[in-house]
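# Observations on the three-dimensional arrangement
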Amino acid sequence: MAGSAAEGAVRTGDNGDVNEPIPVIREVDCGTARLLPDVDRDRAWLLTVDDAPQSYVDLDDPSHLEFEYVTRLAHIVDGAAEPGAPLDVLHLGGGALTLPRYVAATRPGSRQDVVEADRELLRLVREQLPLPAGSGILVHAADARERLEAAAPASVDLLIADVFGGSRVPAHLTSVEYARAAGRALRGDGIYAANLADSAPFAFLRSQLANFAAVFPDLALIGEPAVLRGRRFGNLVLLASHAPIDLAPLVRSCAADAFAARVTHGGALTRFIGGARPVADLDAVASPEPPDGAFRVG
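Cut-off values and rules
- Residues numbered from 1 in each chain as written.
- Predicted model: local features only at pLDDT ≥ 70, side-chain atom pairs only at ≥ 80, totals over all residues.
- Heavy atoms only, no water.
- Axes fitted to C-alpha atoms, helices over the stretch in contact; angles between N-to-C directions.
- Helix = DSSP H or I, 4+ residues; strand = E, 2+ residues; numbered from the N terminus.
- Parallel < 35°, antiparallel > 145°, perpendicular 65-115°, else oblique.
- Left-handed = near helix turned anticlockwise from the far one by under 90°.
- Contact = heavy atoms within 4.5 Å.
- Nonpolar A, V, L, I, M, F, W, Y, C, P; charged D, E, K, R; others polar.
- pLDDT = per-residue confidence, 0-100.
- Buried < 20%, exposed > 50% of the residue type's maximum accessible area, 1.4 Å probe, protein only.
- Arc of directions from axis to C-beta.
- Polar contact = N/O pair within 3.5 Å; in protein donor to acceptor, adjacent residues only side chain to side chain.
- Pairing = 2+ DSSP bridges.
- Right-handed = clockwise from strand over helix to strand, strands pointing away.
- Core = buried A, V, L, I, M, F, W, Y, C linked by side-chain atoms within 4.5 Å.

## Points about the packing of helix α1 (residues 68–79) against helix α8 (residues 248–256)
Where α1 meets α8, the closest approach of the two axes is 10 Å, and the angle between their N-to-C directions is 150°. Our classification of the angle between α1 and α8 gives roughly antiparallel. The two elements α1 and α8 meet at a crossing, and its hand is right-handed. Contacts from Arg72, His75 and Ile76 in α1 reach Leu250, Ser253 and Cys254 in α8. Classifying every residue of the contact of α1 with α8 gives three nonpolar, two polar and one charged.

Right, dumping it as structure tokens:
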């Protein structure tokens, strides 16, 4: 049996009253997971694995998002169709299911499949952060690449990739063959969005952009100016589509965030890619190791 968990998610007093939530700690397939309560919001939790932040979930308000890159992914969800219209969404990487919960709350009736390889992490999330009834979210304990390649052609409106083995994107999800599998799964006007992390000189990020440029005619990149200028390691969101992406609402939303981000597109993005070439499966590598403390908490 994997790990040792705290005795439930709340502390009970001697008189049986329920007091403040307490952390839940458990060994999962990829390390030590911790669910840490947010002292400022009831029923809100931060999930970390080996001290690296993975997800933040507010069970009472799924539209409340704490991580900047998740907010940017949510902007993409918001612009993927008319407000409130249901979508068919495939999530590669589950964590605590922050974005699936957001889609279910903002686009009722959406059909969502979530693929997460860490079975013990899924068990922890199911036990401690259960999904609401009728959410339309199906969770699969499986490898992301295998599940993507098994998806029916042109079956997905939105494909969101947020897969990290520890703090790195696994190598089999960084190749042009992977990008082609994403291209097959998406509908003609569907959107691929991925959370990536890198720093100057951006060798990994440029290779990822080159992979998707070989498959999709329209690409964009979202990142904070400090990250894009190479001043620090950080998250960046890659977008790709077979059809032109309406970027104007996305540009406005990202600029208005508390931590404003820039959307790079067109010629500027082509210049950023430079001479980077697509990377085949045989040569693919995992994303770079973050510097010490880049994404740590506590």
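Past the structure itself, the notes keep going.
## Observations regarding the confidence of the model for the chain
Counting all residues, the mean pLDDT for the chain is 92, and 92% of those residues have values of 70 or more. Contacts of residues 1–8 to residues separated by more than four positions or lying in other chains number 18 contacts, the stretch itself having pLDDT below 50.

## Describing helix α9 (residues 266–273)
Listing the buried residues of α9 in full gives Leu269, Phe272 and Ile273. Down the axis of α9, the buried set is contained in an arc of 100°. They therefore lie on one face. Turned more than 90 degrees away from the buried face of α9 sit Thr270 and Arg271, all of them exposed. In this structure, the buried side of α9 is in contact with α6 (203–213), β12 (218–223) and β14 (262–265). Looking at the residues trailing α9, positive phi occurs at glycine 274, about 60°.

## Remarks on the environment of serine 55
As for its placement among the helices and strands, serine 55 is situated in strand β6 (residues 52–58). As for serine 55 and phenylalanine 67, which are separated by 12 residues in sequence, their C-alpha atoms are 7.9 Å apart. Ignoring any residue separated from it by four or fewer positions in sequence, one finds serine 55 in contact with Trp45, Leu46, Leu47, Phe67, Gly95, Ala96 and Thr98. Among the polar contacts listed, one links the side chain of serine 55 to the backbone nitrogen of alanine 96, at a separation of 3.0 Å.

## Thoughts on the side chain of threonine 264
When you line up the elements, threonine 264 lands in strand β14. Here threonine 264 falls in the buried class, since its relative accessible area comes to 13%. Sequence-distant contacts of threonine 264, defined by excluding residues within four places in its chain, comprise Ala220, Leu221, Leu228 and Leu269.

## As for the sheet that holds strand β13 (residues 234–241)
Overall, mixed pairing links the eight strands, which are arranged β9-β8-β7-β10-β11-β13-β12-β14 in an open sheet. Each having just a single partner strand, β9 (137–141) and β14 make up the two edges of the open sheet. Pairwise comparison of adjacent strand axes, ignoring direction, gives a mean angle of 15° for this sheet. Alignment of β12 against β13, held across five bridges, turns out to be antiparallel. If you follow alanine 220 over to β13, its bridge partner there is leucine 239. Sheet contacts for helix α5 (residues 176–185): β7 (88–92), β10 (156–161) and β11 (186–198); angle to β11, the most-contacted strand, approximately 145°. Against the sheet, α6 contacts β11, β12 and β13, and its axis sits at roughly 170° relative to β11.

## Description of the pairing of strand β8 (residues 111–116)
Where β7 lies against β8, five bridges are found, and the strand directions are parallel. What sits directly across from aspartate 88, in β8, is arginine 111. A crossover links β7 with its parallel partner β8, the connecting element being helix α2 (residues 98–106), and its sense is right-handed. The pairing of β8 with β9 spans five bridges and is parallel.

## Quick look at the nonpolar core
The nonpolar side chains of a soluble globular protein tend to be buried, and buried together. Of all hydrophobic cores here, the largest spans 37 residues; its most connected members are Leu92, Leu148, Leu159, Tyr192, Leu209 and Phe212. Not counting the four nearest positions on each side in its chain, phenylalanine 212 is found in contact with Tyr178, Ala179, Ala182, Tyr192, Leu219, Leu238 and Ala240. Formed by 30 residues, the second largest nonpolar core is a distinct cluster that contains Leu65, Tyr69, Leu73 and Val237.

## Comments concerning the sheet that holds β6
Where strands meet in a sheet, backbone hydrogen bonds hold them as pairs that are either parallel or antiparallel. Across the sheet, which stays open at both edges, the four strands sit in the order β3-β4-β5-β6 with antiparallel pairing between neighbours. The open sheet has two edge strands with one neighbour each: β3 (24–28) and β6. Adjacent strand axes in the sheet meet at a mean angle of 20° when their direction is disregarded.

## Description of α6
For α6, a buried count of eight out of 11 residues is recorded, marking the element as mostly surrounded by other parts of the structure. Those residues of α6 lying buried are Phe204, Leu205, Ser207, Gln208, Leu209, Ala210, Asn211 and Phe212. Contacts made by the buried residues of α6 are with α5, β11, β12, β13 and α9.

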